[in-house]
Amino acid sequence: MVQDAYSIQKLVYLSLLKNKKLSFSHKTGYRTKSINGQELLKKINAARMMLKRYSIKKADKVIILGNSSIEWVTIYFACILSNITAVPLDALTDKTLLQKICRQVEAKAVFQSISINLPAGAKIKSFYLEELDDKLKEFKTGNVPIDNANPEDPLEIQYTSGTTGDPKGVVLTHKNILTALQAATDALKLRIHLKFLNVLPLSHVFSQIMGILLPVYYGYGIYFIDSIRPKKLIAFIRNKRINAAIFVPGMLAAVKNDLEGKCVPCSLGIQFRLIGVGGASLDIDLEKWWKRKMIMVLNGYGMTETSSVISLNTPFASKAGSVGKIAQCVNVKLGEDGEILVKGDNITSGYYKNREKTISSFENWWFKTGDVGYIKNGYLYIKERKKDIIITSSGLKAYPVDIESVLNSIKGVKESCAIQRNNKIHAVLILEGKIKCEDVIKEANARLLSHQTIAGCSVWRDMQFPKTPTGKVKRFILQQELDKTDRHKKYAYENKVYGLIHQVLDPGKEIKQNSKLVELGMDSLKRVEMISELEKQFDVEIDETRIDKNTTALDIEKLMKESRITSIKFRAWPTMPFVRVFRHALQVFLLFPLIRFFTRTEYKGLENLANIEEPVIIVSNHQSAFDIPVITRRIKMPFAVAAHPEVVFGIGVGGIQKILRKLLGYCSSFAYNAYPFGAAIGTGTSLEFTGEMIDRGFSIILFPEGERTPDGNIHDFKSGVGYIVAGMEAKVIPVRINGLFEVLPRGSSIPRFGKTSVIFGKPIQFSSKQLSKMTYDGITKLIEQKVRSL
Amino acid sequence: MSNKQNTLFGNMDIKTGCDIVEIDRFRKTDKSSLLKIFYESEIRNSRPETLAGLFAAKESCKKAFNSLRWHDIIINKEKSGKPLLSINKKQLGKNAVLSSDLSISHDGSYAIAIVVFVVKKG
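Residues numbered from 1 in each chain as written. Chains lettered and ligands numbered in written order. Predicted model: local features only at pLDDT ≥ 70, side-chain atom pairs only at ≥ 80, totals over all residues. Heavy atoms only, no water.

Enquirer: Please set out the overall build of chain A residue by residue, giving values where relevant.
Expert: The helix and strand tally for chain A stands at 27 helices and 35 strands. The C-alpha atoms of chain A give 30 Å as radius of gyration, which agrees with the globular expectation for 790 residues (28 Å, within 12%). With the C-alpha coordinates of chain A rotated into their principal frame, the extents come out at 95 × 70 × 55 Å. Buried residues in chain A amount to 55% of all 790 residues. (Helix = DSSP H or I, 4+ residues; strand = E, 2+ residues; numbered from the N terminus. Rg over C-alpha atoms; globule rule 2.2 N^0.38 Å. Buried < 20%, exposed > 50% of the residue type's maximum accessible area, 1.4 Å probe, protein only.)

Enquirer: Summarise the packing of aromatic side chains; cite the residues concerned and give the values.
Expert: The relative placement of two aromatic rings is captured by the distance of their centres and the angle of their planes. Residue and element names in this part refer to chain A. Taken as a whole, this structure holds 23 aromatic pairs over all chains when the rule is applied. Between F111 and F127, the aromatic rings sit 5.0 Å apart at their centres with planes inclined by 25 degrees, giving stacked as the arrangement. With F111 in strand β5 (residues 109-112) and F127 in strand β6 (residues 125-128), this pair connects stretches of sequence that are 16 residues apart. With respect to class, F111 is no different from F127; both count as buried. Aromatic side chains F570 and F689 sit 5.6 Å apart centroid to centroid with 65 degrees between the ring planes, which places their arrangement in the edge-to-face category. With F570 in the loop between β28 (564-565) and α19 (577-598) and F689 in helix α23 (residues 683-695), the pair connects residues that are 119 residues apart, well separated along the chain. A relative accessible area of 3% places F570 in the buried class. (Phe/Tyr/Trp six-rings, centres within 6.5 Å; stacked < 30°, edge-to-face > 60°.)

Enquirer: Tell me what's going on with empty space enclosed by the protein, and back it up with residues and numbers.
Expert: Residue and element names in this part refer to chain A. Under the defined criterion, the tally for this structure stands at 1 cavity of 30 Å³ or more. Quantified by volume, the largest cavity comes out at close to 240 Å³. Surrounding the largest cavity, 21 residues form its lining, L188, M210, I246, G276 and L298 being those nearest its centre. Of the residues assigned to the lining of the largest cavity, the class counts are 16 nonpolar, 5 polar and no charged. (1 Å grid on protein atoms, 1.4 Å probe; cavity = no way out; pocket = protein on both sides within 12 Å on 5 of 7 lines; lining within 4 Å. Points joined across faces, edges and corners; volume = space filled by probe spheres on them. Nonpolar A, V, L, I, M, F, W, Y, C, P; charged D, E, K, R; others polar.)

Enquirer: I'd love a proper account of the pattern of salt bridges, names of residues and values included.
Expert: The final tally for this structure, using the stated rule, is 27 salt bridges over all chains. Through salt bridges that share partners, R31, K240, E692, D695 and R696 of chain A make up one connected network. (Salt bridge = Lys/Arg side-chain N within 4 Å of Asp/Glu carboxyl O.)

Enquirer: Which residues make up the environment of G650 of chain A, and what values do they have?
Expert: Residues and elements named next belong to chain A. Among the secondary structure elements, G650 is positioned in the loop between α21 (645-649) and α22 (655-672). Residues G650 and R661, spaced 11 residues apart in sequence, show a C-alpha to C-alpha distance of 4.8 Å. Once you skip the residues sitting within four places of it in the chain, G650 turns out to touch P645, K658 and R661. (Contact = heavy atoms within 4.5 Å.)

What follows is the structure in structure tokens.
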């Protein structure tokens, strides 16, 4: 049990040391880095030595500023074990706020992401999280004893807001976090090994407790991913066989929209069964949709001030629409106007250096949540955040959530938001189809109560409202935008492509079929932005050179139809163990003897393969269909072959050819572990597949010429190899094959007898410094030269 | 006169390009669209000013040679801070670049870049 460990420090330390299956994985770019608990502990110890070296000690403060990563966790745990107060901040923290926070906490150091620029004049020691690994190598990794902390010592300071006025730093002590974690573990009791995806920013206490501390305690595999695009998330969940995840409702809705009309178990995999939700209120229909798909959605209620725990739904006791049973450690009572008041060991002792705010947030030692709710059968239900209550000019209260639910139920309304304007209710809408905003209001008012009457409305210019990282609509931004100008008026496009073009180009007039994009304000930068937006929304890859100054909106629409589809799933079965056994048998008993029969192969440079442990990229010239078995005969590692999507897999071809080629695709996947790689499925998808293969421990065999040589000579390499090398951080082994062209030339089906030779070159390792000076074509050319010179 | 010019320059040619861009436009760009223009190594630890400068530099190269694409151009910094330009020679066709020079600057809300190529016509 959690309480056996007495302190959060011991709990972290023992869990890392003893949970054998615990691992952390992080996907950046195309590769996923992994590390297990003990390795992490070594790093943490090194990090603690480093903190000591820079004379950062007990009760000092350290800012952690960046996106979720293993390095982030390292520093966070190092701070906990050394009893240093962590100040985790969101990577998107506003600059002025950052400055204020720096001044207020007087931090000794900041660990930041390389892409963030600290405000000028901040005199503070700064380390890059991305370079932490290299930095830690300087420090020895011996065991460092825990610097014991009192339960009342602050573990972290969480900044919740404060762009206007003083920043609000919530102080959370060791006791607060331990109590909250205990409540969470008591409720969940999932002692089986799970693969757990955490996509929430780690700077939130909910994400820390549910997303790291709880999984660390249970010894799960923890996964982070840089992208929160639904398509990437879905592919990641499926490829890495994720079992459970924590989301915010906004993400849950986005993923649902992407899955709608598709087979959910095929897209996510049957192993994905549990989603924890927190951060904002969860729509009951959304919850039910997921439950219908046999995926459990558990939401909870809490806030930073309560260490994220007030109430929780559990796998064994959950009720749709409610935020769950009140946690044992928390006392809840309702105030006069239904406000939820809480008391307990997990509640913060106050705001950092902000006495006024602390006093005003507590009422007789009860913390005021600011939310209105009610309790039924031990389950807590939330009605509305108090702050968002609209008080109309007549003094009556109107809840935006009530108004929005009516608006959302009207056909053609995609999203809506009710805000207060001039003491009247104003609706901001995102519309689909050709419905007019006035008509929506008329219909809504007929169904609303008299004090809820909507006075005015406007159409929001984007496809989505500006939202906080936890999915709440930023109402104040809507208010500001409306106050500023009415520039963005009523453009509702039936055509999604036009809507998107409008969103990017923001031309101030309506887009018509024959309007030229240049006249709408497209320049080279906006063109790139537009393409990247279109690609994200429609799963295509667009050739930039196809869009020039004469392109019209209609042309774009046509282009979208022609463009290549990139939504192809990664095929996992060729990597499965039993397939690998069959493949090995096939090679040893059929392919290798066949080759030995026709040709005697001389191997050179085999010593270059000797000390290779990690997957490599083998780049070779392509002489005949025998190339792959000839190469693989002498390499001992598992391999995958990058194959032409059109020729081998029949992607993007039609008719009878498609069936034949698909069959060929299955055969080559079985025999050679072939996967599609090439322009037909888009550069991004090709590289994703390559990354996935390397992550699974397969070396890549690549023939950059793209096809078998027609005349025996080496032809120009295609630049795909440059993209792979730049994106994969793996060694490259150049290989040259001679003589196989005479044995089995292109176009002939009967092999002849002959002599062949295969030469393995020295592994090429590109350093990041080297790569930073080479274009993709430059890398390709260099490798081509290496192969030619063998 | 025309003869003299021929001896001076032979079959050489000078190509220039320049571009100016508003810095504010790089404050909100997301990474996926930036990677369509830049290499990862170029945009690491970059402020909007730097990004705007790099963008202007790439755009000016594209103005000098129409056939260049974004990823055919890569810009690094020398130790002194002077930008170092390398371009993919494959895309230049029969022309060969003998020498090139690039200069980037920014002030207020704009960044500007100018590039000069000395080209041997093929």
